[in-house]
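Here's the letter readout for the chains.
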Amino acid sequence: MGEAVTLPTADHASLQTAWTAFGERLGRALPRAAGIAVASPIGGDIIKLTNNPWIIRPALIGERLDIERFVLVNDFGAVAHAVARLPASDFVHLCGPDEPLPAHGVTTVCGPGTGLGVAQVVRRDDGYQVIETEGGHVDYAPLDSIEDAIVARLRPLFTRVSTERVCSGPAIVAIYETIAALEGLPVTSRGDRAIWTGALSGTDPLALAALDRFCLALGAVTGDLALAHGADGVVVAGGLGLRLRHHLLRSGFGERFVAKGRFRPAMARIPVRILTHPQPGLFGAAAAFAQRHS
């Protein structure tokens, strides 16, 4: 496998222009087949990326990119394909039993990034199936007075507060500002990158408190998803999930994951692991192509 090439979508007007720029970067002919993962629900004549202005028309992909075969999957669907195909060495234990993911049944895959990606892997004797979902857009359920305050801060902005408004990279801003207000501190406008930097470096106590709260919320939401899916295993994935790896291990994520009342014993039996592969989306898009065209 060659070295991964990253082209920011903001630098290109469309998938076609990005594909052309990729070819120029390679300096050789592009392949006639592709696995394509996009951050949007898949279906219909037109696909509008969730957090990007690109418009993709699936019927025109072959013509526009000059390719003969392709597969188009949701970005977190691609991550789920990676979860299904990667070896155990690409996962580390987060909470629950320290054992491999189950060879049969349902694995919930979720991860914070620009949004909150959610998918399922259903394993059977004859292989596996990926179920792409928009689980990051279900309603968020606050569990204490601090989370009540976070939702109250977000509701005037969005009316309906979904889980990704609290459990995604940009969500750290609202969490940070809510904690500052509760502490009686001036609420200064800061971008999510600056807050994450201060939190992960440990140099900003308020940002670190926001990170702790983020991990609690993510644990609760991940547990809700596993409960709803009837999951036999769970994987936390995505770039931000990997960056949070060491903090998640020391946080209240695990306690919030199992805190489901009468279902606590069942939740405690679910192995939860973190995906550590550096490019699961690329790997998973290739795996999706192989599954479709093998």
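Everything that follows concerns the structure shown earlier in this document.
Just so we're clear, the structure is a prediction, and the values are computed from it rather than from any experiment.

A. Looking closely at the side chain of E164. Here E164 is to be found in the loop between α4 (145-158) and α5 (172-182). Although E164 is buried, it forms no salt bridge, and the closest oppositely charged side chain is R165 at an N-O distance of 5.1 Å. Here the side chain of E164 touches L116 through a polar contact of 3.0 Å, landing on its backbone nitrogen. Here E164 is in contact with G115, L116, G136, H137 and A171, once residues within four sequence places are set aside.

B. Expanded view of the pattern of salt bridges. Summed over all chains, the structure comprises 12 salt bridges. Here R32 ties to D66 by a salt bridge, and the two come within 3.3 Å at their closest N and O atoms. With a gap of 34 residues between them, R32 in the loop between α1 (15-26) and β1 (33-38) and D66 in the loop between α2 (61-65) and β4 (69-74) connect regions that are remote in the sequence. Note that R32 and E68 form a salt bridge whose closest N and O atoms lie 3.7 Å from each other. Taken together, the positions of R32 in the loop between α1 and β1 and E68 in the loop between α2 and β4 put the pair 36 residues apart, joining distant regions of the chain. Owing to a relative accessible area of 60%, E68 belongs among the exposed residues under this scheme.

C. Focus on the pairing of strand β5 (residues 91-95). Summarising burial for β5: four of the five residues are buried, a large majority. Strand direction decides the pairing type here: β5 and strand β10 (residues 272-275), joined by four bridges, are antiparallel. Residue pairing across strands places H93 opposite R273, the latter belonging to β10.

Calculation notes
Residues numbered from 1 in each chain as written. Predicted model: local features only at pLDDT ≥ 70, side-chain atom pairs only at ≥ 80, totals over all residues. Heavy atoms only, no water. Helix = DSSP H or I, 4+ residues; strand = E, 2+ residues; numbered from the N terminus. Buried < 20%, exposed > 50% of the residue type's maximum accessible area, 1.4 Å probe, protein only. Lys, Arg positive; Asp, Glu negative; His and termini not counted. Salt bridge = Lys/Arg side-chain N within 4 Å of Asp/Glu carboxyl O. Polar contact = N/O pair within 3.5 Å; in protein donor to acceptor, adjacent residues only side chain to side chain. Contact = heavy atoms within 4.5 Å. Pairing = 2+ DSSP bridges.

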